[in-house]
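Close look at the chain arrangement
Letter by letter, the chains look like this.
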Amino acid sequence: MTIPTINAHTGRTLTAQAVSPDLIRKYDRPGPRRTSYPTADWFGEGYGPEQHLRTLEDRHIKGSEVPLSLYVHLPFCNTICFYCGCNKVVTKDHSRSAKYLRYLEREVELVSSHLTGSRRVDQLRLGGGTPTFLSPDELCELMALLGKRFDTGEGNTDLEFSIEIDPRMVDTPKIETLANLGFNRMSVSVQDFDDAVQRAVNRNQSEAETPAAIQTARAQGFTSINIDLIYGLPKQKLIGFGQTLDRVIAMKPDRIALYSYAHLPTLFKPQRRIADTDLPSAEARLQILALAIQKLGDAGYVYIGMDHFALPHDELAIAASQEQLHRNFQSYSKRPECDLLALGVSAISNIGNTYSQNVKGLDQYYDWLDRLELPISCGVELDEADLLRRDLIQTLMCDFELSLPNFEASHSINFRQYFVDEWSMLQRFEQEKLIELEDEYIRFTPGGRLLVRVVAIVFDRYLKLGMVRQRYSKLI
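What counts as what
As a convention, each chain's residues are numbered from 1 in the sequence order in which they are written. With pLDDT at 70 or above as the cut-off, local features in this predicted model cover only qualifying residues; side-chain atom pairs require 80 or more to be listed or tallied, and sums for whole chains, interfaces and linings still use all residues. Hydrogen atoms and water are omitted, and side-chain values are computed over all heavy atoms in the structure. The numbering of helices and of strands both runs from the N terminus, where a helix is a DSSP run of H or I of at least 4 residues and a strand a run of E of at least 2. Throughout, a residue-residue contact means that at least one pair of heavy atoms, one from each residue, lies within 4.5 Å. Following DSSP output, two strands are said to pair if at least two bridges run between them. Angles run from 0 to 180 degrees between N-to-C directions of axes, and those axes are lines fitted to C-alpha atoms, restricted for helices to the stretch in contact. Grouping buried Ala, Val, Leu, Ile, Met, Phe, Trp, Tyr and Cys residues that are joined through side-chain atoms within 4.5 Å yields what is termed a nonpolar core. Burial here depends on accessible area, computed with a 1.4 Å probe over protein chains only, as a share of the maximum for the residue type. Under 20% is buried, over 50% is exposed, and the range in between is partly exposed. We call Phe, Tyr and Trp rings a pair once their centres come within 6.5 Å, taking the six-membered ring for Trp, and we label the pair stacked below 30 degrees between planes, edge-to-face above 60, and tilted otherwise. Counting as a charge over the ring demands two things of the Lys NZ or Arg CZ atom: a distance within 6 Å of the ring centre and an angle within 35 degrees of the ring normal. Salt bridges are counted wherever a side-chain nitrogen of Lys or Arg sits within 4 Å of a carboxyl oxygen of Asp or Glu. Reported orientations rely on four angle classes, namely roughly parallel under 35 degrees, roughly antiparallel over 145, roughly perpendicular from 65 to 115, and oblique for the rest. Each crossing gets its handedness from the near helix: less than a right angle anticlockwise from the far helix is left-handed, clockwise is right-handed. Gly falls in the polar group here, along with every residue not listed as nonpolar (Ala, Val, Leu, Ile, Met, Phe, Trp, Tyr, Cys, Pro) or charged (Asp, Glu, Lys, Arg).

**Some remarks on the environment of aspartate 158**
Inspection of the secondary structure assignment puts aspartate 158 in the loop between helix 4 (136–149) and strand 7 (160–165). When the C-alpha positions of aspartate 158 and glutamine 123 are compared, they lie 9.0 Å apart, and in sequence the two are 35 residues distant. When residues no more than four places from it in sequence are discounted, the contact partners of aspartate 158 are Asp122, Lys334 and Arg335.

**Considerations on the sheet that holds strand 19 (residues 401–403)**
Taking strand neighbours across the sheet as the criterion, the 3 strands line up as 19-21-20 in an open arrangement whose pairing is antiparallel. Of all strands in the sheet, those with a lone pairing partner are strand 19 and strand 20 (435–437), marking the two edges. Between one strand axis and the next, the sheet turns through 15° on average, direction left out of account. Each of strand 19 and strand 21 (441–444) touches helix 13 (residues 404–411); the most contacted strand, strand 19, lies at about 60° to it. Against the sheet, helix 15 (residues 420–431) touches strand 20 and strand 21, its axis set at about 120° to strand 20.

**Side note on the nonpolar core**
Among the nonpolar cores identified, the biggest contains 81 residues, and Leu124, Leu142 and Leu146 are the most heavily contacted of them. Look past the residues within four positions of leucine 146 in its chain and what remains in contact with it is Leu70, Val72, Val108, Leu124, Thr152 and Leu343. With 41 residues, the next largest nonpolar core counts Ile413, Ile442, Leu451 and Ala456 among its residues.

**A few points about the packing of aromatic side chains**
Think of a pair of aromatic rings as described by two things: how far the centres are apart, and how the planes are tilted against each other in angle. Throughout the structure, instances matching the rule amount to 18 aromatic pairs. Members of the aromatic cluster, joined through ring pairs, are Phe76, Tyr100, Tyr103, Phe133, Tyr365 and Tyr366. Directly above the aromatic system of tyrosine 332 lies the positively charged group of arginine 327, at a separation of 4.7 Å from the ring centroid.

**Considering the pattern of salt bridges**
For side chains of opposite charge, pairing can occur when their charged atoms come near one another. Using the criterion set out here, one finds 21 salt bridges in the structure. Of the charged contacts, one joins arginine 255 and aspartate 314 as a salt bridge, the two residues approaching to 2.8 Å between their closest N and O atoms. Of this pair, arginine 255 sits in strand 10 (residues 255–260) while aspartate 314 sits in the loop between strand 12 (308–310) and helix 10 (315–321), and the two are 59 residues apart along the sequence. Aspartate 314 carries the same exposure label as arginine 255, and that label is buried. Between aspartate 386 and arginine 461 there is a salt bridge, with its nearest N and O atoms 2.8 Å apart. One end of the pair, aspartate 386, is in helix 12 (residues 384–399); the other, arginine 461, is in the segment after helix 17 (452–458), with 75 residues separating them in the sequence. Beyond isolated ion pairs, a larger network of salt bridges with shared partners links Arg185, Arg255, Asp314, Glu315 and Lys334.

**Points about the packing of helix 8 (residues 238–251) against helix 9 (residues 282–298)**
Close contact between helix 8 and helix 9 brings their axes to 10 Å; oriented N to C, the two are set at 25°. Comparing the axis directions of helix 8 and helix 9 gives the class roughly parallel. The two elements helix 8 and helix 9 meet at a crossing, and its hand is right-handed. Along its contact with helix 8, which presents Leu238, Phe241, Gly242, Leu245, Asp246 and Ile249, the element helix 9 presents Gln287, Ile288, Leu291, Ala292, Lys295 and Leu296. Here the residues of the contact of helix 8 with helix 9 sort into 8 nonpolar, 2 polar and 2 charged.

Purely geometric stuff here, so don't read any function into it on its own.
This is the structure in structure tokens:
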């Protein structure tokens, strides 16, 4: 099977390397999506509110100028999409979002009363759920309460304010409100325009709604538009998804996120309404992915990595060409220097060498804040070995190559001695033509880039191939 790919530096289509069906079947097993190291399921209850308070209070020691990336989780949706694995609350009752905003303000006050160091916000993202469930007045209320405690923009001309939207839940006044509040980036949910797929996942979205939202956003000054697609959904076919890709490309979004569907019905109850027999095979999913890469490359999109594409003018494509990409819970970013401060139910923060996650249930979230206690349910403080492996995995995921001399100098190690067991695995991957091992570099081949998650597992001391947890989706 031939897999085309895109050079992240030049944006040119490369001659593809063959990835055999046997190799695909071999590595089509569960594995993490790599938004953190260690992954969130390894966070422990030993890291709780007291530890998080110390992290906030010690921030100034590690550099008062480190800016913030704020993430606010807004869990409400008015309908349920069967494929969704996000932490969400399905309701049409806006009194619930009004109550949630009151408790968000309480959390903001608690966090900010202990936060030291810079309060300058370089990035802000609203995710969900469906953030556009909030009314224009509620959106204004949310931004006002954030603005009271954080520096959200006066004099900062390089802000990234992003929001996930459902095109079915926005109109011109709401998009105008977002623009007036400073939002300049938008991620638009599509997944697939095919009618049969939409019926199978309970997401009926007319094609006309999406370009209408994008055109309005452009007119209001939004500088970057992303469209989310998912391959591997029930009833999905190569021809139908190709037609979806053609329609999306015609809209000319700056970025396209192409995610593999994670079918985990034991964890996410709505997915139990999806029949396994309706899902495409691993080979069919890879054919769909190959078609997407080909079409997007022909349309001028740069393959950023894993699940993201961008037009050459987009900052992610520029960052990729300069080897300045970073990957976190908000996916790819050009700002590795920010501390990620996350607010709301189930939200995950990454401050310094710590990760922490809020409680996942609304009632728990409210109860903890009623006690004036930060709603931290678990977390982890990384030791030197964790930091080293996180840096290594990040570099592989973002740059698709590793300079051994540079890495050894940064961490004061001999790479082959430190990773003696892992090196034998790398040699096997080289034989399978996933990577190239040189005297001073580890480089992914074009086909190997599509299996970067497989190679990353080798360096994860929490996981080993064949011993991954059932909560993970498949790698292909």
